[in-house]
Amino acid sequence: MKVLIVKTSSMGDVIHTLPALTDAVKAIPNIRFDWVVEEAFAEIPSWHSAVDKVIPVAIRRWRKNLWQTFTGGEWGRYRAALADTNYDLVIDAQGLLKSAALVTRYSHGVRCGYDKNSARESLAAHFYQRRFSVAKQQHAVERTRQLFAQALGYELEGRGDFAIRQHFMTDQHDGANYLVFLHSTTRFDKHWPEEYWLELIAKATAAGWIIKLPWGNANEKARAERLAQGQSGVEVLAKLNLAEVTQVLAGAAACVSVDTGLSHMAAALDRPNVILFGPTDPGLVGGYGKDQICLEASQQQPSGRVVEPAVFADLTPDIVWQTLTSHCFHPED
């Protein structure tokens, strides 16, 4: 059985789709998948053993220069790749009008997706031949698992398994002596205060841990360098691509993360992870999996400290360190 998955973005959404593939393989042993995904995340589906072909799209980039997209041949090559296979099913797990209109409707196979009450954009449901009801008020991983189970006709069992950790496992991961602090995200109000990071780093290095700080752009690199300044045992990583930073995460003893795509990657790799939430709600898209601890600033006692962003004032380094040491460090670490 051959199935095309439409899940184009974002990084977290793409990662959250992986357990549905694992479910399907357990229920239907001969099933194989192709996957349409935004070019920036094209590596991720290939890490799952059930995926044969990844078809990159560039909807974000194409919208900025439609004329060049159509006249330069890129759109034609994409359409040809999409039409290359007749699929038994096409499962649109994105639930957006743009994915349904630019991807799903051009594919060859029975088109499946959320019904109008379940899709993120109700109009997307008009492009599907089979529509399924999936409750919205639950974690994104469970929503996608339920969509696949209904479309492919099997019963769900247990907790979802991302099944990508083995892709990154090496002997060097035995007895890891470092933590990864994922300090960067896109929105300012989702950043944990730098002075808090400095205090947490001091606590961790005093306990004998090496701290690794990844970054993705100039601003993030500058923040990492500020956090590392004057601190022994702190490494600002070189510029890494997605596969390389994922390899670092796979070898970590544990992580501390703000609400960012790489925190979902840590979860997919079964790395213990304390995720710090300020203005966003972890209920629907928080850490999913083993040893994923979500701390919400609004649930903590007031500290009386003035920091920026102010929403995190109550979520102090003491609270994070206590959570990390009590929930994420295991005897074998």
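Note that the coordinates shown come from a computational prediction; the quantities given were computed from them, not determined experimentally.

**Considerations on the overall build of the chain**
Regarding its fold elements, the chain presents 14 helices and 12 strands. At 21 Å, the chain has a C-alpha radius of gyration in line with the 20 Å of a compact globule built from 333 residues. Once the C-alpha set of the chain is aligned to its principal axes, its extents read approximately 60 × 45 × 40 Å. By residue count, 55% of the 333 residues in the chain fall in the buried class. Long-range contacts, defined here as pairs at least 24 residues apart, represent 61% of the contacts in the chain between residues at least 6 apart. When the accessible surface of the chain is split by element, carbon and sulfur atoms take 49% of a total near 14,700 Å². Across the chain, the mean location of the 34 positive side-chain charges is 8 Å away from that of the 37 negative side-chain charges.

**Some words on the side chain of Q138**
On the secondary structure map, Q138 appears in the loop between β6 (130–132) and α7 (140–152). By relative accessible area, which is 18% here, Q138 ends up buried. Within polar-contact distance, the side chain of Q138 engages the side chain of Q146 at 2.8 Å.

**Let's talk about α7**
For an α-helix the count is 3.6 residues per turn, leaving residues at separations of three or four pointing the same way. In this model α7 runs 18 Å from its N-terminal to its C-terminal C-alpha over 13 residues, within 8% of the 18 Å that 1.5 Å per residue would give. Burial analysis of α7 places 11 of its 13 residues in the buried class, the great majority of the element. Where α7 is concerned, the buried positions are A140, V141, E142, R143, T144, R145, L147, F148, A149, A151 and L152.

**Description of the packing of aromatic side chains**
Both the distance between ring centres and the angle between the ring planes are used here to describe each pair of aromatic rings. Across all of its chains, the model carries 10 aromatic pairs by this definition. Seen from their ring centres, W47 and F168 are 4.7 Å apart, and the 85 degrees between their planes marks the pair as edge-to-face. Note that W47 is positioned in the loop between α2 (43–46) and β3 (51–57) and F168 in helix α8 (residues 165–168), a separation of 121 residues in sequence. Each member of the pair, W47 as well as F168, carries the same accessibility label: buried. Judged by centre distance (5.0 Å) and plane angle (90 degrees), the rings of W192 and W197 are edge-to-face. Overall, W197 belongs to the buried group, its relative accessible area being 0%. Taken together, the ring pairs connect W62, W75, Y78 and Y106 into an aromatic cluster. Here the guanidinium or amino end of R143 rests over the ring plane of Y114, the centre of that ring lying 4.4 Å away. Sitting over the face of the ring of Y178, K212 holds its NZ or CZ atom 4.1 Å from the ring centroid.

Rules and cut-offs
Residues numbered from 1 in each chain as written. Predicted model: local features only at pLDDT ≥ 70, side-chain atom pairs only at ≥ 80, totals over all residues. Heavy atoms only, no water. Helix = DSSP H or I, 4+ residues; strand = E, 2+ residues; numbered from the N terminus. Rg over C-alpha atoms; globule rule 2.2 N^0.38 Å. Buried < 20%, exposed > 50% of the residue type's maximum accessible area, 1.4 Å probe, protein only. Contact = heavy atoms within 4.5 Å. Areas by Shrake-Rupley, 256 points an atom, 1.4 Å probe, with all protein chains shown as cover. Lys, Arg positive; Asp, Glu negative; His and termini not counted. Charge placed at Lys NZ, Arg CZ, Asp CG, Glu CD. Polar contact = N/O pair within 3.5 Å; in protein donor to acceptor, adjacent residues only side chain to side chain. Expected span 1.5 Å × (residues − 1). Phe/Tyr/Trp six-rings, centres within 6.5 Å; stacked < 30°, edge-to-face > 60°. Lys NZ or Arg CZ within 6 Å of the ring centre and 35° of its normal.

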